[in-house]
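Secondary and tertiary structure notes
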Amino acid sequence: MDETYAIIGGGQAAGVAARTLRKEGFCGRLVLIGEEPELPYERPPLSKDFLTRDYDFARAGINPPAFYRDNAVEVMGGVRVERVDAAGRRLEWRGGGLAFDKLLVATGCRPRLLPPALGDTAGVLYLRSVADARRIKAALRPGCSVILIGGGFIGLELAASARALGCEVTVLEAATALLSRALPTGFGAFLQQVHAGHGVRIETAVRPRAIGREGGTSLVTCADGRRFEADLVIAGIGVLPNDDLAVAAGLGCDDGIMVDRRARTSAPHIWAAGDVTRFPVALQGRRVRMETWDNAQKQAAVAARNMLGRESTHDEVPWMWTDQYDTNVQILGFPSADCETFTRGRLEEGAFVLMGCRDGFLRYAVMVNSGRERRPLTSLIQAGLPIPAQSLADPAVPLRELAARQVA
Ligand SMILES: Cc1cc2nc3c(=O)[nH]c(=O)nc-3n(C[C@H](O)[C@H](O)[C@H](O)COP(=O)(O)OP(=O)(O)OC[C@H]3O[C@@H](n4cnc5c(N)ncnc54)[C@H](O)[C@@H]3O)c2cc1C
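Everything numeric here is computed off the predicted structure, so don't read it as measured data. (Residues numbered from 1 in each chain as written. Predicted model: local features only at pLDDT ≥ 70, side-chain atom pairs only at ≥ 80, totals over all residues. Heavy atoms only, no water.)

A few words on helix H1 (residues 12-23). With twelve residues, H1 should cover 16 Å at 1.5 Å per step; its first-to-last C-alpha distance of 16 Å lies within 8% of that length. Among the twelve residues in H1, ten count as buried, and that is most of the element. Restricting attention to buried positions, one finds in H1 the residues Gln-12, Ala-13, Ala-14, Gly-15, Val-16, Ala-17, Ala-18, Thr-20, Leu-21 and Arg-22. Contacts from the buried residues of H1 go to strand S1 (4-8), strand S2 (29-34), helix H3 (65-70), strand S3 (73-77), strand S7 (102-105) and helix H8 (293-307). One or two steps after H1, the chain reaches Gly-25, where phi turns positive at roughly 100°. (Helix = DSSP H or I, 4+ residues; strand = E, 2+ residues; numbered from the N terminus. Expected span 1.5 Å × (residues − 1). Buried < 20%, exposed > 50% of the residue type's maximum accessible area, 1.4 Å probe, protein only. Contact = heavy atoms within 4.5 Å.)

What follows is the structure, given as structure tokens:
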């Protein structure tokens, strides 16, 4: 009898897992159940080209539509799974259910919402899905004013896109510097300058205390008494993992579904992948949750292989990128405040690499318009060998050479 594999979630990790399962020879029944009506798609364009250009959404598909038909993947779109019975190996949704042999949970994250205590938050927009992006695109008219609450990656990408569309943009960030939790402070200052150069007003150390609407205008009053007015308010204040199903099913969870390097959950027959997971990262020596395209891609493929009984592990140097105006930023590893930082290149020239070393080892790199250095820097971080800091910072020593020497 053929086995049934189920995938909950219809996003990037789900689409990659379905493809990998078929590619690696799974011939049984494969059912993908996703709450969104669309076939699995990539989200990065939603805050960038989707908003600013005449973007063909079909390009964002994880697999071409024909893949699902040709590979007998049963896609149930617009269906929210309500319950997982881990021991009985059964899923339930309103009006239906499915018995499975193996299950992958790939339910991603949802935006963190502003607390209702702030007042009239009903009109505030958030961005996660293509439906959200369509609403935002319709609202971003040239000349309209926008307040972005949250100066994280999504907020800043939205700020850049709104400026490209001719909107007047104010970013309200609660911390004293942009991206100060994720990146070295000098970098936040650099990015703030980039945005200021494009006419974005960035206010740091401000916390909204009340949100209201008066005659079609949104008013944000901050804890320090300042008031900001705009036609539109969008919030990008982080995300929460969609792990409620897993919690209710008794799987080990802690702000995300706990998995090992093979993407196994605490229940036999159940794996999890993508933004919803918390997994061990050797570089960090602890479990982390990563909300990145690269993690969803790789961890989903690892989970699929392990569902087929292979021995595949997920232990890569983390990588992510963001695009704002003509600035491409790529981050490798985990920036942390206890590292000594070195810069290769000059900030003023808009192309440089910021590197962080601890105990003589390269721990992270932030590449600004320097994506070509990703490969050698990944090798240098992965090698985990001591490296002379002066060569890292010296542009006369090609990183390619350093990496080759290190790995040899
Ligand atoms: C606007 C935006 C821009 C981004 N840009 C970048 C970028 O530039 N670089 C980068 O590295 N990363 C970026 N990311 C992050 C990247 O897109 C995510 O890490 C990736 O989408 C995670 O994939 P996933 O499959 O885990 O989750 P998702 O793609 O979110 O998919 C999860 C799916 O599960 C569904 N679901 C949830 N609960 C249920 C349920 N109970 N039943 C059925 N279905 C359910 C959800 O509706 C969703 O469709 C961006 C994300 C966003 C939102």
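Let us keep going from here.
Now for the domain arrangement of the protein. Domain assignment breaks the protein into domain 1 (4-110 + 240-307), domain 2 (116-235) and domain 3 (326-407). Here domain 1 and domain 2 have C-alpha centroids that lie 30 Å from each other. Contact with domain 1, which involves 15 residues of that partner, is made by 14 residues of domain 2. Where domain 1 abuts domain 2, roughly 1300 Å² becomes buried across the two surfaces, and 60% of that area is made up of carbon and sulfur atoms. For the domain 1 face of the interface with domain 2, the top three residues by lost area are Ser-47, Phe-50 and Leu-51, together amounting to 42%. Our count for the domain 1 to domain 2 interface comes out at three salt bridges. Note that Arg-134 is salt-bridged to Glu-38, the shortest N-O span being 3.9 Å. In this assembly, domain 1 and domain 2 are joined by nine residue pairs in polar contact (both at pLDDT 80 or more). Residue contributions to the side of domain 1 that touches domain 2 peak at three residues, all from helix H2 (residues 49-52). (Domains from an automatic or database assignment. Buried area = accessible area lost by both parts, 1.4 Å probe. Salt bridge = Lys/Arg side-chain N within 4 Å of Asp/Glu carboxyl O. Polar contact = N/O pair within 3.5 Å; in protein donor to acceptor, adjacent residues only side chain to side chain.)

Moving on to empty space enclosed by the protein. Scanning the model with the defined rule gives four cavities of 30 Å³ or more in all. Space inside the largest cavity adds up to approximately 100 Å³. Lining the largest cavity are Phe-279, Pro-280, Val-281, Met-290, Thr-292, Asp-294, Asn-295, His-314, Asp-315, Glu-316, Pro-318 and Trp-319. Contributing elements (two or more residues each) for the lining of the largest cavity: strand S19 (277-281) and H8. (1 Å grid on protein atoms, 1.4 Å probe; cavity = no way out; pocket = protein on both sides within 12 Å on 5 of 7 lines; lining within 4 Å. Points joined across faces, edges and corners; volume = space filled by probe spheres on them.)

Turning to the sheet that holds strand S15 (residues 232-235), a few remarks are in order. Hydrogen bonding along the main chain pairs the strands of a sheet, whether they run parallel or antiparallel. In space, the four strands of this open sheet follow the order S11-S10-S9-S15, with parallel pairing throughout. The sheet terminates laterally at strand S11 (201-203) and S15, the two strands that pair on one side only. Averaged over neighbouring strand pairs, the angle between their axes works out to 20° when direction is ignored. Relative to strand S10 (residues 168-172), strand S9 (residues 145-149) runs parallel, the two being bridged by five bridges. Paired with Ser-145 across the two strands is Glu-168, which belongs to S10. Against the sheet, helix H5 (residues 153-164) engages S9, S10, S11 and S15, with an angle of about 165° to S10. (Pairing = 2+ DSSP bridges. Axes fitted to C-alpha atoms, helices over the stretch in contact; angles between N-to-C directions.)

The next subject is the site of the ligand. Near the ligand there are 34 residues, and of these Glu-36, Arg-43, Lys-48, Arg-128 and Asp-275 occur at the shortest range. Within the side chain of Lys-48, a nitrogen or oxygen atom sits 2.7 Å from an oxygen atom of the ligand. Here an oxygen atom of the ligand sits 3.1 Å away from a polar atom, N or O, in the main chain of Thr-292. Every element with two or more residues in the shell around the ligand is listed here: H1, S2, H5, H8 and strand S21 (319-324). Within the shell around the ligand, the residues separate by chemical class into 14 nonpolar, eleven polar and nine charged. (Near = heavy atom within 4 Å. Nonpolar A, V, L, I, M, F, W, Y, C, P; charged D, E, K, R; others polar.)

Another aspect to go through is helix H6 (residues 185-197). With 13 residues, H6 extends 19 Å between its outermost C-alpha atoms, agreeing within 8% with the 18 Å of an ideal straight helix rising 1.5 Å per residue. When we look at burial in H6, the residues that qualify are Phe-187, Gly-188, Phe-190, Leu-191, Val-194 and His-195. Taken end-on, H6 shows its buried residues confined to a sector of 160°, consistent with a single buried face. Away from its buried face by more than 90 degrees, H6 exposes Thr-185, Gln-193 and Gly-197. On its buried side, H6 packs onto H5, S11, S21, strand S22 (327-333), strand S24 (351-358) and strand S25 (361-368). Taken from the residues just after H6, Gly-199 is the one with a positive phi, measuring 85°. (Arc of directions from axis to C-beta.)

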